[in-house]
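# A structural walkthrough
Here are the chains, one letter per residue:
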Amino acid sequence: MDAADPVTHAGLAAGLSRGPGVALTAVREADVVVAAVQTADNSTLEALRGLPMPPPARIVLVVSDGWYADLTVAAHSGIRAVLWRAEAQPQSLIRAVLAVAAGEALLPSAVQGDLLDQADRLQRNVLVPKGLTPSGLNTREIDVLRLVAQGLDLAEIADTMCYSERNIK
């Protein structure tokens, strides 16, 4: 657990101590780290990467004022759940810690909206102009793989896609 002030630290500790299956430990030994920040911006999230956490870093972030961070920086920093401080009750904090420990993610709807907007911008501005998809394959390659998965042979795929067998190979 990491907080800038002792009152917040004590509040987080008190809330988490109520949770069955939650044990407070040093950051360097934690499976999930709970961090409280005033504002979530890129520099704050980069600073969290400096915490002595065992890999993989998994963080539940309690944010007081607002979200101004790039979501790729958040993911790279280990953020897996975000709770607004004004809405964070002990039960929701414990639920977030247990969910993150189980490999899940919890993001407020506003942050989810930002994530979808960022994915859309990446798709439109980077991938589509290069003829790529999020997988790194172009649409023709995906179509070929889909037809292979359906059990078609090389000649059938070439015929279906109106390409030569050489192109399909």
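Predicted model only: the values in this text are computed from it and were never measured.

### Let's talk about the confidence of the model for the protein
Averaged over all residues, the pLDDT of the protein is 87; the fraction at 70 or higher stands at 98%. Mean pLDDT across the elements of the protein bottoms out in strand β1 (residues 2-3) (64) and peaks in strand β4 (residues 79-84) (94).

### A few points about the pattern of salt bridges
This structure, assessed with the given rule, holds 3 salt bridges. The salt bridge involving Asp 143 is made with Arg 146; its shortest N-O contact spans 3.6 Å. Pair noted here: Asp 143 and Arg 146 are both in helix α6 (residues 139-149), with a separation of 3 residues, about one helical turn. You can call Asp 143 partly exposed: its relative accessible area is 29%.

### Re the nonpolar core
Counting 21 residues, the largest nonpolar core has Val 33, Leu 45, Leu 48, Ile 59, Leu 61, Trp 67 and Ile 79 as the members making the most contacts within it. At the level of elements, β2 (33-40), α2 (42-48), β3 (59-67), α3 (71-77) and β4 are the ones that each hand at least two residues to this core. In contact with Trp 67, not counting residues within four places along its chain, are Ala 40, Leu 45, Leu 61, Ala 74, Val 82, Trp 84, Val 111 and Asp 114. One finds Leu 12, Val 22, Val 62 and Ala 81 within the second-largest nonpolar core, a separate group that totals 15 residues.

### Things to note about helix α7 (residues 154-161)
Where α7 is concerned, the buried positions are Ile 157, Ala 158 and Met 161. Down the axis of α7, the sector holding all buried residues measures 100°, keeping them to one side. The N-cap residue of α7 is Asp 153: its side-chain oxygen and the backbone nitrogen of Ala 155 are 3.2 Å apart. Two residues or fewer past α7, Cys 162 is found with a positive phi of approximately 60°.

What counts and how
Every chain's residues receive numbers from 1 upward, in the order its sequence appears when written. For a predicted model such as this one, the threshold for reporting local features is a pLDDT of at least 70, and the threshold for listing and counting side-chain atom pairs is 80 or more; totals across whole chains, interfaces and linings nevertheless cover every residue. For the side-chain quantities, the full set of heavy atoms in the structure was used; hydrogens and water were omitted. Per residue, pLDDT measures the predictor's confidence, with a range of 0 to 100. Helical segments are the DSSP runs of H or I of at least four residues, strand segments are the runs of E of at least two, and each set is numbered from the N terminus. Criterion for a salt bridge: a side-chain nitrogen of Lys or Arg within 4 Å of a carboxyl oxygen of Asp or Glu. Buried residues are those whose accessible area, probed at 1.4 Å on protein chains only, stays under 20% of the maximum for their type, while exposed residues exceed 50% and partly exposed ones sit between those limits. By nonpolar core is meant a set of buried Ala, Val, Leu, Ile, Met, Phe, Trp, Tyr and Cys residues that side-chain atoms within 4.5 Å join together. Residue contacts are counted whenever heavy atoms from the two residues lie within 4.5 Å of one another. Our arc is simply the arc of the directions from the helix axis toward the C-beta atoms. A 3.5 Å cut-off defines polar contacts: any pair of N or O atoms within that distance qualifies, except that in protein one atom must be a possible hydrogen donor and the other a possible acceptor, and neighbouring residues in sequence count only when both atoms are side-chain atoms.

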